[in-house]
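For reference, the chains in residue letters:
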Amino acid sequence: MPGVKETLSQRFGRCVRQLRLEAGLSQVEFGERCGFYQRYLSRLERGQANPTLNAMEVIANALGLTIYELWEKVKALPRQ
């Protein structure tokens, strides 16, 4: 829709999804790595969940990144 900007939650979720897929992980496998339910990760990837800082750190670590590296990737992602 014209004029509707992607929210930070949506952008973060899109980045996590992209990195998860690049790692070759399903949501179930990634959830097991993180200790999160697949349902939560699905909501997060669609921008419908707001993770805590601790959850973001767990996600980053499960992707082999620091939380700072993850945010750099979110920042570098082209806007939609």
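Everything quoted here is computed from the prediction, not taken from an experiment.

Enquirer: Could you clarify how one ought to interpret the overall build of the protein chain in this entry?
Expert: Secondary structure assignment for the protein chain yields 5 helices and 0 strands. Reading the secondary structure of the protein chain in the N-to-C direction produces α-α-α-α-α. Against the compact-globule benchmark of 12 Å for 80 residues, the protein chain has a radius of gyration of 12 Å, which places it among compact chains. In terms of its C-alpha atoms, the protein chain occupies a principal-axis envelope of roughly 40 × 25 × 25 Å. A buried classification covers 40% of the 80 residues belonging to the protein chain. Put simply, 60% of the contacts in the protein chain that link residues at least 6 apart link residues at least 24 apart. For the protein chain, the accessible area works out to roughly 5400 Å², and carbon and sulfur atoms hold 52% of it. Between the mean site of the 12 positive side-chain charges and the mean site of the 8 negative ones, the protein chain shows a separation of 8 Å.

Enquirer: In this structure, what is going on with the pattern of salt bridges? I would like to understand it.
Expert: Opposite charge on two side chains makes pairing possible when the charged atoms of those side chains draw close. Counted under the stated rule, the structure contains 3 salt bridges. The salt bridge involving Arg 20 is made with Glu 45; its shortest N-O contact spans 2.6 Å. Here the residue Arg 20 occupies a position in helix 1 (residues 8-22), and Glu 45 occupies one in helix 3 (residues 38-45), the gap between them amounting to 25 residues. Of the two residues, Arg 20 and Glu 45, neither departs from the other in class, the shared state being buried.

Thresholds applied
Residues numbered from 1 in each chain as written. Predicted model: local features only at pLDDT ≥ 70, side-chain atom pairs only at ≥ 80, totals over all residues. Heavy atoms only, no water. Helix = DSSP H or I, 4+ residues; strand = E, 2+ residues; numbered from the N terminus. Rg over C-alpha atoms; globule rule 2.2 N^0.38 Å. Buried < 20%, exposed > 50% of the residue type's maximum accessible area, 1.4 Å probe, protein only. Contact = heavy atoms within 4.5 Å. Areas by Shrake-Rupley, 256 points an atom, 1.4 Å probe, with all protein chains shown as cover. Lys, Arg positive; Asp, Glu negative; His and termini not counted. Charge placed at Lys NZ, Arg CZ, Asp CG, Glu CD. Salt bridge = Lys/Arg side-chain N within 4 Å of Asp/Glu carboxyl O.

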